[in-house]
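Commentary on secondary and tertiary structure
One letter stands for each residue in the lines below.
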Amino acid sequence: MTSEIAPKSRSLQIGSFSYDLASGTLTGADGNPVRLRRQSSDVLAVLAANAGDVVSREELVKAVWKDVATTDDSLIQC
């Protein structure tokens, strides 16, 4: 992922899952990788970079989909 996102930490713990910001990999409690769509990984990266802060829908769409026209369904699926 190439973006201006500057994460506050290298990984994010989501329940029993671990998300590595450098590689964009989500790993389950069993250590096996969980396959993510690129946009889903990008949404996680934006949220992790803003941990503790509210991220608006507009900010997510601007960061993940940039100049691509999208609907709320794209964000909901992620």
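To be clear, the structure that these remarks concern was listed above.
In short, a report on the structure. Positions within a chain are numbered from 1, following the residues in the order the chain's sequence is written. The model is predicted, so local features are restricted to residues of pLDDT at least 70 and side-chain atom pairs to those at 80 or more, both for listing and for counting; the totals for chains, interfaces and linings are taken over all residues. Side-chain figures throughout are based on the complete set of non-hydrogen atoms in the structure, without hydrogens or water.

Here the focus is the side chain of Asp42. Secondary structure elements follow DSSP: runs of H or I no shorter than four residues count as helices, runs of E no shorter than two count as strands, and numbering proceeds from the N terminus. Inspection of the secondary structure puts Asp42 in helix α1 (residues 38–49). For this analysis, a polar contact is any N or O atom pair within 3.5 Å, provided that within protein one partner can donate a hydrogen and the other can accept it, and provided that sequence-adjacent residues contribute only side-chain to side-chain pairs. A polar side-chain atom of Asp42 sits 2.7 Å from a polar atom in the side chain of Arg38.

Here we take up the packing of α1 against helix α2 (residues 57–64). Axis lines are fitted to C-alpha atoms, over the contacting stretch for helices. Their N-to-C directions set the angle, which ranges from 0 to 180 degrees. Put simply, α1 and α2 touch, their axes get as near as 10 Å, and they point 125° apart. Here α2 runs oblique to α1, going by the angle between their axes. In this structure, α1 crosses over α2, and the sense of that crossing is right-handed. Every residue of α2 that contacts α1 at Arg38, Gln39, Asp42, Val43, Val46 and Leu47 is listed here: Leu60, Ala63 and Val64. Nonpolar residues are Ala, Val, Leu, Ile, Met, Phe, Trp, Tyr, Cys and Pro. Charged residues are Asp, Glu, Lys and Arg, and all others, Gly as well, are polar. Here the contact of α1 with α2 is composed, by residue class, of six nonpolar, one polar and two charged. In this scheme, roughly parallel covers angles under 35 degrees and roughly antiparallel covers those over 145, while 65 to 115 is roughly perpendicular and the rest are oblique. Left-handed describes a crossing whose near helix is turned anticlockwise from the far helix through less than a right angle; right-handed describes the clockwise counterpart. Throughout, a contact is declared for two residues whenever any of their heavy atoms are within 4.5 Å.

The next subject is the pattern of salt bridges. Criterion for a salt bridge: a side-chain nitrogen of Lys or Arg within 4 Å of a carboxyl oxygen of Asp or Glu. Applying the stated criterion to the full structure yields two salt bridges. As a salt-bridge pair, Arg38 and Asp42 come within 2.7 Å of each other at their nearest N and O atoms. Highlighted residues: Arg38 and Asp42, both in helix α1, separated by four residues, approximately one helical turn. Think of it in three bands: residues with accessible area under 20% of the maximum for their type are buried, residues over 50% are exposed, and the middle band is partly exposed, with areas taken using a 1.4 Å probe on protein chains only. The exposure class assigned to Arg38 is exposed, which follows from its relative accessible area of 52%. One salt bridge connects Asp72 with Arg57, and the closest N-O pair in it is separated by 2.3 Å. Of this pair, Asp72 sits in helix α3 (residues 72–77) while Arg57 sits in helix α2, and the two are 15 residues apart along the sequence.

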